[in-house]
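Per-entry structural report
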Amino acid sequence: MVDVPKALVDFIQNGTSFVVAGHEEPDGDCVGSQLALCSLLERMGKKAVPCSAGPFKRKELKPFEKHFLPFPANREGLKVFIMDCSIRERVGDLPIDGLPTAVVDHHAHAASSSQNCCDSSIPAESFSLRSRPEGTHALGNPSGEVIFLDPLAPSVTFMTEKIFRALGFEPNANEAELLLFGLCTDTGFFRHLDEPCAETFLTAARLAAAGASPKRIFNIINGGKSLNSRLLMGSYLNRTRSYFDGKLLVSFETPEESKRYGFESRDSDVLYQLFLSVEGVEAVALLRQENSTECSIGFRSRGRIDVSAIAGQFGGGGHKNAAGAKAQGSIPELEEKIVAAFTKLL
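A few points on the structure. (Residues numbered from 1 in each chain as written. Predicted model: local features only at pLDDT ≥ 70, side-chain atom pairs only at ≥ 80, totals over all residues. Heavy atoms only, no water.)

**Quick notes on the nonpolar core**
How we decide: Among the buried residues, those of types Ala, Val, Leu, Ile, Met, Phe, Trp, Tyr and Cys that are joined through side-chain atoms within 4.5 Å form a nonpolar core. Partly exposed describes any residue whose relative accessible area lies between the buried limit of under 20% and the exposed limit of over 50%, with all areas from a 1.4 Å probe on protein chains only and scaled to the type maximum. Only heavy atoms enter the contact rule, under which two residues are in contact if any of them lie within 4.5 Å.
Among the nonpolar cores identified, the biggest contains 46 residues, and Leu8, Leu37, Phe81, Val104, Phe148, Ile163 and Leu180 are the most heavily contacted of them. Contact partners of Ile163, with chain neighbours within four places excluded, come to Val4, Leu8, Ile12, Leu37, Leu40, Val104 and Phe148. Within the second largest apolar cluster, 24 residues are counted, among which are Phe299, Phe314, Ala327 and Val339.

Laid out in structure tokens, this is it:
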């Protein structure tokens, strides 16, 4: 895994006012890293504003939404952190263009798509922060950017805890809870970890020692589910289709169900667990018709299949075993294309 480079430490120490942004439709890793970093910057005597284009659709994130503020009107001396993404479009309508920017991300697609950061032919173990050459325009900013990119990190909150230590700080109880919340979100409460993973558990131990409660975080992420969430899950299960002798499972959610049950009734993590627990399954694809012309697609795999490569064929990305995309087309059209994309692999 990658250490925090000095260029990022300098970016923080030489600044006085920051916006800490993240991707649209944030998840726990994005929110946890944003709020924890803001808290750290304020402890260092700097101004820090957490900003998000939202929406905060996930039920477990609703309590955190009130902490996010409008983008500052005064841009003088302002620096920007972008957490948990490296693609300008994913930040939404936040007016970050033209401001010095640091990116902290762990998605492999960011490494392969960022020519000025890392050559895609370099092994993942080699990815690290590079200062951008004068005149380049990644993320819409002119120069002076730095990128802390580690595709082997389990979460951006894991990387944020490293930033704390690189600056000589230990998380307080509230910061530790935010960081562990994000780490548990992206690792499925450590279910998705494979060896080597000792450093991840050492980080979790430090956060627990600082006052984070795994039990409380588990209840935030998994508690309080509605009956509708279980009924919607039943709809997915009842219409599941099997391909390649059961190696690929595909299901979907209709617009009528989206309207009837609402976004807050989705429990994707548990649904993917159920599908991947089926004997012989290697990958899962779930589709949701967002409107008359576009679908969201979620991909998961047990281990062998790199679903981030599949998602990339539909304009998306993510991790080897968890990825997603938004694509033009109807559910039947895209299901056919998904099956075709998996044909060579399965």
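**Considerations on the sheet that holds strand S5 (residues 146-149)**
For clarity, the threshold we go by: Should DSSP find at least two bridges between two strands, the strands are regarded as paired. Here a helix means four or more residues in a row that DSSP labels H or I, a strand means two or more in a row labelled E, and each is numbered from the N terminus. Every axis in this analysis is a line fitted to C-alpha atoms, fitted for helices over the stretch in contact. Angles between the N-to-C directions lie between 0 and 180 degrees.
Spatially, S2-S1-S3-S4-S5 is the arrangement adopted by the 5 strands of the open sheet, whose pairing is parallel. Of all strands in the sheet, those with a lone pairing partner are strand S2 (47-51) and S5, marking the two edges. Recorded for the sheet is a direction-independent mean angle of 15 degrees between the axes of neighbouring strands. Against the sheet, helix H4 (residues 156-166) contacts strand S3 (78-83), strand S4 (101-105) and S5, and its axis sits at roughly 125 degrees relative to S4.

**What to know about the packing of aromatic side chains**
The condition that has to hold: Aromatic rings from Phe, Tyr and Trp, taking only the six-membered ring of Trp, are treated as a pair when their centres fall within 6.5 Å; an angle between ring planes under 30 degrees marks them as stacked, one over 60 as edge-to-face, and anything in between as tilted. Distance and angle both matter: a charge sits over a ring if NZ of Lys or CZ of Arg is within 6 Å of the ring centre and within 35 degrees of the ring normal.
As enumerated under the stated definition, the model contains 10 aromatic pairs in all. Where Phe18 meets Phe81, the ring centres are 5.9 Å apart and the plane angle is 35 degrees; that geometry is what we call tilted. Here Phe18, found in strand S1 (residues 17-22), pairs with Phe81, found in strand S3; they are 63 residues apart in sequence, far enough to count as distant. As far as the burial class goes, Phe18 and Phe81 line up, both buried. Each residue in the set Phe189, Phe190, Phe201 and Phe218 is aromatic and connected to the rest through ring pairs, giving one cluster. Looking at Lys79, its charged tip hangs above the ring of Phe11, at a distance of 4.5 Å from the centre. One Lys or Arg, Arg300, reaches over the ring of Tyr272 and ends 4.1 Å from the middle of that ring.

**Thoughts on helix H5 (residues 173-187)**
So the rule is basically this: In this scheme, a helix's expected span is set at 1.5 Å multiplied by one less than its residue total. Side-chain atoms alone can form a polar contact between residues adjacent in sequence; in general such a contact is a pair of N or O atoms within 3.5 Å, and within protein one must be able to donate a hydrogen while the other accepts it.
Taking 1.5 Å per residue as the helical rise, H5 with its 15 residues ought to reach 21 Å, and the 21 Å between its terminal C-alpha atoms agrees with that figure. Burial runs high along H5: 11 of the 15 residues are buried. All of the buried residues in H5 are Glu175, Ala176, Glu177, Leu178, Leu179, Leu180, Phe181, Gly182, Leu183, Cys184 and Thr187. Where H5 is buried, its residues touch helix H2 (28-43), H4, helix H6 (198-209) and helix H7 (214-222). Capping the start of H5, Asn172 holds a side-chain oxygen 3.2 Å from the backbone nitrogen of Asn174, two or three residues further along.

**Some words on the packing of helix H8 (residues 227-238) against helix H10 (residues 268-276)**
We count it as follows: Crossing chirality is assigned from the near helix's rotation relative to the far helix, an anticlockwise turn below a right angle marking it left-handed and a clockwise turn marking it right-handed. Three categories are distinguished: nonpolar for Ala, Val, Leu, Ile, Met, Phe, Trp, Tyr, Cys and Pro, charged for Asp, Glu, Lys and Arg, and polar for the others, with Gly belonging to the last.
At their nearest, the axes of H8 and H10 sit 11 Å apart, and the two run at 35 degrees to each other. The handedness of the crossing between H8 and H10 is right-handed. On H10, the residues touching Met233, Tyr236 and Leu237 of H8 are Val270, Leu271, Leu274 and Phe275. Of the residues contributing to the contact of H8 with H10, the split by class is 7 nonpolar, no polar and no charged.

**Points about the environment of Met1**
As for its position among the elements, Met1 is in the segment before helix H1 (6-13). For Met1 and Pro154, which are 153 residues apart along the polypeptide, the C-alpha to C-alpha distance reads 9.8 Å. Beyond its immediate sequence surroundings of up to four residues, Met1 is in contact with Asp150, Leu152, Ala153, Pro154, Phe158, Lys162, Glu199 and Thr200.

**Comments concerning the sheet that holds strand S7 (residues 248-253)**
In space, the 6 strands of this open sheet follow the order S6-S7-S8-S9-S11-S10, with mixed pairing throughout. Unpaired on one side and paired on the other, strand S6 (241-243) and strand S10 (317-318) mark the two borders of the sheet. The strands that H8 touches are S7 and strand S8 (283-289); relative to S7, the one it contacts most, it runs at about 130 degrees. Of the strands in this sheet, S6, S7, S8, strand S9 (294-301) and strand S11 (322-328) are in contact with helix H12 (residues 331-343), which crosses S8 at around 160 degrees.

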